[in-house]
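Overview (structure and organization)
Chain by chain, the residues:
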Amino acid sequence: MPYYFYIFLVLGVLLNSFQTGTSQSLPNILLIMTDDQGYGDLGYHGNSQIQTPVLDALARESTRFTQFYVSPVCAPTRSALMTGRYSLRTGVCDTYNGWAIMSGSEHTLAEHLKTLGYATAISGKWHLGDSYPSRPVDQGFDYSLVHHAGGMAQVGDPNTWFRKDSAYFDPILVENGENVQKMGYCSDIFTNAAIDFIGKNRERPFFCYLPFNAPHTPLQLPKHYEDMYADLSIDSSTYPRFDRSFPQMRERDIEAARKVYGMVSNIDDNVGRLLKQLDEWELTDNTLVIFLTDNGPQQRRYTGGFRGLKSSVYEGGVHVPFFIRYPKVLPPNQNIDVPAAHFDLVPTLLDMLDQKVPDSLDGKSLWPLLQGKSVDWADTRPIFMEWNRGFPERYKNIAVRQGNYKLVGQSNYTAQAADLELYDLSQDPGETHNISSEKPQIAQALKDLWDEWYEDILQTPHLGYVPIGIGSEYENPVLLNRNDAKGSWGVWAQQEIYGYWDVEIYRPGTYEISCFFQEPLSASGNMRIRVGKVQLVQEVEVGKQEVVFREVELTPGEARVEAGFRNGETRGVEFPFYITFDRID
């Protein structure tokens, strides 16, 4: 027989083994995501002033989705990425004020892969809930090293909030549910944990999710990386294409860009360490490496020609890099121009692994496109985008893309199609020329699609309400932090503000409830707490920073936790910085 017959025979056996999902053939999956790194924060995307040689090389070695979308802000992107569903369906509407908790009933990518025999880990930023049943350890991850809430030095993370100037160094993190101090710089720490996890599990298929919290604020970085860009001069003449806001960079934007670039270069070095380790362990060929960012940049800087920044539905806020490298199967250095999005990842990986894709998912499998095939939905599938504080709002910071056309709403709930903006992204990727008056039928059709989606999304049972579990066998004590507090708009670090938490008490029992304040109380007064229908009041002396209610009997059920200290002198009501519930029987 000719020699090529044996080649095809071997390839056929390998392909059949892969498609049957045996543990010997399952690909490893390394998913890397950065925080607030925009499309333009890569040398590969035309930024001549940032040093990202590893990520640039990864881009050249990968299949690149050139029209890839995420949500305008981080927690919604993360829930869609993990579930394959629009974030609003999962309960995640926003980044704080109690809107960034994902329902424990959601089935995550980690849970899907764990059923196939994968070892699973997350190292970095979760931002989908800090208490049972929404933590990574509750959602399919065997190993978890994360910070609380939306970021270090934020109010939702008491471990680092009180070290604002040095939060990214030697931080106290949450490792498998327990507080542990780690030494070093945060991005280095998260990469070390990923390398350690892969090393321990390299004889079996693994899923390693490495969502860096950098270059999100606060812009803290090792001196070496700060020095790299200390003298960098930034002006619009450096770039042949730049966002409309780019020439308006203020001195503080330029200084922020220098620090962001340093943080990204640190990430680049860490990704290099990780990929080198895959090479040394001979895992590269069978490891699927995915890189993306969670939204656009927070500060003004080069965006690769796109309009808008983080929080915006214009391209600069939602259009991000998406690279996928799989040497064993996929050819390097190719582009796919079909519009795709974060919620496509779960169905893509399930399809690739020959698993049934649940009907409840909003995403589409990109696996046929990766194999060089066409799909019948390429020009017809709409992708919906929105972000507002809290619930979605009609025609305010909303968008829908279908094919080459994108409808943008920066209006209000009474808007008609003519009040919205229409762009042909194939001709105008910078969204500079509104053609809604020139193509009113297309604008109306896209508005109709958005209206239909909006009515459907409002029916989700989790929208805006995901209670925090108290008294479960999986977590004790439970911490209620400011990131998850609802009440007044913009609950953050304010001492005098109204706030509350939605909770579900799982088991009856006796609890010790501790209310902690940022500052010692400046006067005596009364501390009041309500847990559902249980209300307790305690006299408090001046100078107290922690008020403890002991031997509190609670019964199962959903409840609202309200608490406040009434100052006996000014009569102002002060809200605890955080509260802990400790089940003691």
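All values derive from a computational prediction rather than experimental measurement. (Residues numbered from 1 in each chain as written. Predicted model: local features only at pLDDT ≥ 70, side-chain atom pairs only at ≥ 80, totals over all residues. Heavy atoms only, no water.)

A count of helices and strands for the chain gives 13 helices and 28 strands. For a compact globule of 585 residues, the expected C-alpha radius of gyration is about 25 Å, and the chain comes in at 25 Å, within 12% of that figure. Projected onto the principal axes, the alpha-carbon positions of the chain cover approximately 90 × 60 × 50 Å. Of the contacts made within the chain by residues no fewer than 6 positions apart, 69% connect residues no fewer than 24 positions apart. Taken as a whole, the chain presents about 23,200 Å² of accessible surface, with 48% of it coming from carbon and sulfur. (Helix = DSSP H or I, 4+ residues; strand = E, 2+ residues; numbered from the N terminus. Rg over C-alpha atoms; globule rule 2.2 N^0.38 Å. Contact = heavy atoms within 4.5 Å. Areas by Shrake-Rupley, 256 points an atom, 1.4 Å probe, with all protein chains shown as cover.)

Taken in spatial order, the 10 strands line up as E7-E6-E5-E4-E8-E1-E9-E11-E2-E12 in an open sheet, and their pairing is mixed. Strands with a single pairing partner mark the edges of an open sheet, and in this sheet they are strand E7 (178–181) and strand E12 (334–336). Direction aside, the axes of adjacent strands within the sheet are offset by 15° on average. Two strands pair when backbone bridges link them, and strand E2 (residues 63–65) and strand E11 (residues 322–325) are joined in this way by two bridges, in the antiparallel orientation. When the sheet's bridge partners are listed, Arg64 is paired in E11 with Phe323. Contacts from helix H2 (residues 53–61) reach E2, strand E9 (287–293) and E11, with the element oriented near 70° to E11. (Pairing = 2+ DSSP bridges. Axes fitted to C-alpha atoms, helices over the stretch in contact; angles between N-to-C directions.)

Next up on the list: the sheet that holds strand E19 (residues 478–480). Strands sit in the order E19-E28-E22-E25 across an open sheet of four strands; the sheet is antiparallel. Bordering the open sheet on either side are E19 and strand E25 (546–554), each of which pairs with just one other strand. For this sheet, the mean inter-axis angle between neighbouring strands, taken without regard to orientation, is 20°. Sheet analysis places strand E22 (residues 509–516) next to strand E28 (residues 578–583), joined by six bridges and oriented antiparallel. Bridge pairing in E28 links Tyr511 to Arg583.

Below, the discussion takes up the nonpolar core. Grouped together as the largest cluster of nonpolar side chains are 54 residues, with contacts concentrated most on Leu30, Ile32, Phe197, Ile198, Phe206, Tyr261 and Leu278. Listed by contribution, the elements that provide at least two residues to this core are strand E1 (28–34), H2, strand E4 (119–124), strand E5 (143–146), helix H7 (186–200), strand E8 (206–211), helix H9 (251–280) and E9. With 50 residues, the next largest nonpolar core counts Met33, Ala100, Ala110 and Phe322 among its residues. (Core = buried A, V, L, I, M, F, W, Y, C linked by side-chain atoms within 4.5 Å. Buried < 20%, exposed > 50% of the residue type's maximum accessible area, 1.4 Å probe, protein only.)

Running from N to C, H7 and H9 cross one another at 10°; their axes reach a closest spacing of 10 Å. Overall, the two elements H7 and H9 adopt an arrangement that is roughly parallel. Of the residues in H9, those in contact with Ser187, Asp188, Thr191, Asn192, Ile195 and Ile198 of H7 are Asn266, Ile267, Asn270, Arg273, Leu274, Gln277 and Leu278. Class assignment of the residues belonging to the contact of H7 with H9 gives a composition of five nonpolar, six polar and two charged. (Parallel < 35°, antiparallel > 145°, perpendicular 65-115°, else oblique. Nonpolar A, V, L, I, M, F, W, Y, C, P; charged D, E, K, R; others polar.)

Turning our attention to helix H3 (residues 74–83). Across the 10 residues that make up H3, a large majority, 10, are buried. Residues of H3 that are buried include every one of Cys74, Ala75, Pro76, Thr77, Arg78, Ser79, Ala80, Leu81, Met82 and Thr83, and no others. Immediately beyond the C-terminal end of H3, within one or two residues, lies Gly84, with a positive phi of roughly 80°.

Both faces of E5 are covered, namely the face carrying Tyr143 and Leu145 and the face carrying Ser144 and Val146. Here E4 pairs with E5 via four bridges, running parallel. Bridging from a neighbouring strand, Ser123 pairs with Leu145 of E5. When E5 meets strand E6 (residues 172–175), the two strands line up antiparallel, connected through two bridges. The residue bridging Val146 from the neighbouring strand is Val174, located in E6.

This paragraph deals with the pairing of E9. Along any regular strand, the residues point their side chains to alternate faces of the sheet. With seven of seven residues buried, E9 is to be regarded as a mostly interior element. Alternating residues of E9 divide into Thr287, Val289, Phe291 and Thr293 and Leu288, Ile290 and Leu292, and every residue in both groups is buried. Sheet topology note: the E1/E9 ladder contains seven bridges and is parallel. Across the sheet, residue Leu30 finds its bridge partner in E9, namely Val289. Note that E9 and E11 share four bridges and pair antiparallel. Bridging across to E11, Leu292 finds its partner in Phe322.

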